[in-house]
Amino acid sequence: MTRSLLLLACLTVLALAADNPVDIVRRSLDRDNRNWERAKDYTFQETSTQRQYDTAGKVKKTESTTHDITILYGRPLPRLVQKNGKPLTPKEKTKEDERVDQELEKRRRASEDENSKERKKYEQRRAEQRKFLDEIPQAFDFTLKGTENFGGHPAWIITAEPKPGFRPHDARAKFLSKMRGKLWIDQKEYQWVRVEAETTDNISFGWFLARLGPGALLRFEQQRVNDEVWLPSRGFIKLDARALWKTLRGEIDIEYRDYRKFRTDSKIVIPETPGK
């Protein structure tokens, strides 16, 4: 009887822990490194569409770029393949090929030099990103709101409100106190399926030379690829910002697609754009 009670108590504790929104968020953040390591085996296309609005809220300018992205020497290497939905001209393609070749050679040399500035800078940037992510569980009060199906799989819905008195260890995380958000986290794999965030106050950058106003919206979605890794599928930013003395109103819509498995052996080959 004692053994049965002990087993029941353990199962109860595990069930409560599974529904603890802070624990869910922490476990989901631990998946970031795993995704990053596995993402190095993939190439993909990224299309970014930018829309600028006038004071009346009408679109006054739309631009888009499409890049082939390959992770080489631990970092994404973008190759521009389209501008505003059209392939590059022969002159533009030649210039882009030369840029990519130069960057590739630069990275190759840096990878062979353990003391290279580029290598140290990259490692420092990744460490800073991890420090920033580690601040998230302390920055918000999380509330479990229920579940919703995404792609046939249940996901927790968790809201995030700024925690009063939050003091970040990482200076870059100070703007988290001026944001609120909502997360959808896959129940089986603890992966972020979707994230929505909104600014609640002005956020300044670079000694107040740039300022992001309240009401800016950010959205990010991921998808499971090849049953082994979760990778971005869409990103969206809507902002009303001020840089120096210029006001910027617009949207940035990013689509990630055509994930293809890619491994490097003795020779590095950047795949051509599909259909070209």
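Procedures and definitions
- Residues numbered from 1 in each chain as written.
- Predicted model: local features only at pLDDT ≥ 70, side-chain atom pairs only at ≥ 80, totals over all residues.
- Heavy atoms only, no water.
- Helix = DSSP H or I, 4+ residues; strand = E, 2+ residues; numbered from the N terminus.
- Buried < 20%, exposed > 50% of the residue type's maximum accessible area, 1.4 Å probe, protein only.
- Contact = heavy atoms within 4.5 Å.
- Core = buried A, V, L, I, M, F, W, Y, C linked by side-chain atoms within 4.5 Å.
- Patch = residues over 30% accessible without salt bridge, like charges linked within 9 Å, V, L, I, M, F, W, Y side chains within 5 Å.
- Areas by Shrake-Rupley, 256 points an atom, 1.4 Å probe, with all protein chains shown as cover.
- Salt bridge = Lys/Arg side-chain N within 4 Å of Asp/Glu carboxyl O.
- Lys, Arg positive; Asp, Glu negative; His and termini not counted.
- Charge placed at Lys NZ, Arg CZ, Asp CG, Glu CD.
- Expected span 1.5 Å × (residues − 1).
- Polar contact = N/O pair within 3.5 Å; in protein donor to acceptor, adjacent residues only side chain to side chain.
- pLDDT = per-residue confidence, 0-100.
- 1 Å grid on protein atoms, 1.4 Å probe; cavity = no way out; pocket = protein on both sides within 12 Å on 5 of 7 lines; lining within 4 Å.
- Points joined across faces, edges and corners; volume = space filled by probe spheres on them.
- Nonpolar A, V, L, I, M, F, W, Y, C, P; charged D, E, K, R; others polar.
- Phe/Tyr/Trp six-rings, centres within 6.5 Å; stacked < 30°, edge-to-face > 60°.

1. Concerning the overall build of the protein chain
Turning to step 1, where the next piece is worked out: Of the regular secondary structure elements, the protein chain holds four helices and 13 strands.
Turning to step 2, where the next piece is worked out: Across the 276 residues in the protein chain, those meeting the buried criterion constitute 35%.
Turning to step 3, where the next piece is worked out: Partitioning the contacts of the protein chain with sequence separation of at least 6, the portion at a separation of at least 24 is 51%.

2. Some details on the nonpolar core
Turning to step 1, where the next piece is worked out: Counting residues in each nonpolar core, the largest one holds 20 residues, and the members touching the most others are Ile136, Phe142 and Ile185.
Turning to step 2, where the next piece is worked out: Elements with a minimum of two residues in this core: helix H2 (21–39), helix H4 (117–139), strand S5 (140–150), strand S6 (153–162), strand S7 (179–186) and strand S8 (192–199).
Turning to step 3, where the next piece is worked out: Among the nonpolar cores identified, the runner-up in size contains ten residues, and Val225, Ile254, Tyr256 and Tyr259 belong to it.

3. Overview of a positive patch on the surface
Turning to step 1, where the next piece is worked out: Together, Lys106, Lys117, Lys121 and Arg125 make up a positively charged patch on the protein surface.
Turning to step 2, where the next piece is worked out: Broken down by element, the positive patch gets its largest block of residues, three residues, from H4.
Turning to step 3, where the next piece is worked out: When you line up the elements, Lys121 lands in helix H4.
Turning to step 4, where the next piece is worked out: A relative accessible area of 54% places Lys121 in the exposed class.

4. Notes on H2
Turning to step 1, where the next piece is worked out: Relative to the 27 Å expected for 19 residues at 1.5 Å per residue, H2 spans 27 Å between its end C-alpha atoms, a close match to the ideal helical length.
Turning to step 2, where the next piece is worked out: Restricting attention to buried positions, one finds in H2 the residues Pro21, Ile24, Val25, Ser28, Leu29, Arg31, Asn35, Trp36 and Ala39.
Turning to step 3, where the next piece is worked out: The residue sitting at the N-terminus of H2 and contributing the capping side-chain oxygen is Asn20; that oxygen lies 2.9 Å from the backbone nitrogen of Val22.

5. What about the confidence of the model for the protein chain?
Turning to step 1, where the next piece is worked out: With 81% of its residues at a pLDDT of 70 or more, the protein chain has an overall mean of 81.
Turning to step 2, where the next piece is worked out: Across the protein chain, the element-wise mean pLDDT spans from 39 in helix H1 (residues 2–18) up to 97 in strand S4 (residues 86–87).
Turning to step 3, where the next piece is worked out: Note on residues 264–276: pLDDT under 50 across the span, and 23 contacts to partners over four residues away in sequence or across chains.

6. A closer look at the layout of surface pockets
Turning to step 1, where the next piece is worked out: By volume, the largest pocket is sized at about 1,800 Å³.
Turning to step 2, where the next piece is worked out: Around the largest pocket, the lining is made up of 50 residues, and of these Asp32, Phe132, Leu133, Trp192 and Phe220 lie nearest the centre.
Turning to step 3, where the next piece is worked out: Of the residues that constitute the lining of the largest pocket, the class distribution is 33 nonpolar, seven polar and ten charged.

7. A look at the packing of aromatic side chains
Turning to step 1, where the next piece is worked out: Scanning the entire structure with this criterion turns up six aromatic pairs.
Turning to step 2, where the next piece is worked out: Their ring planes at 55 degrees and their centres at 6.0 Å tell us that Phe140 and Phe142 sit as a pair that is tilted. Each of the two residues, Phe140 as well as Phe142, counts as buried.
Turning to step 3, where the next piece is worked out: Consider the rings of Phe150 and Trp184, whose centres lie 6.1 Å apart with planes at 65 degrees: the pair is edge-to-face. Of the two residues, Phe150 is situated in strand S5 and Trp184 in strand S7; the sequence distance between them amounts to 34 residues.
Turning to step 4, where the next piece is worked out: Here Trp184 falls in the buried class, since its relative accessible area comes to 6%.

8. Regarding the pattern of salt bridges
Turning to step 1, where the next piece is worked out: According to the stated counting rule, one finds 20 salt bridges in the structure shown.
Turning to step 2, where the next piece is worked out: Among the salt bridges present, the one from Arg51 reaches Glu251, with a minimum N-O distance of 3.3 Å. Placement of the pair is Arg51 in strand S1 (residues 42–53) and Glu251 in strand S13 (residues 246–261), with a sequence separation of 200 residues.
Turning to step 3, where the next piece is worked out: A relative accessible area of 15% means that Glu251 is categorised as buried.
Turning to step 4, where the next piece is worked out: Arg107 is the partner of Glu103 in a salt bridge, and the nearest nitrogen-oxygen pair spans 2.8 Å.

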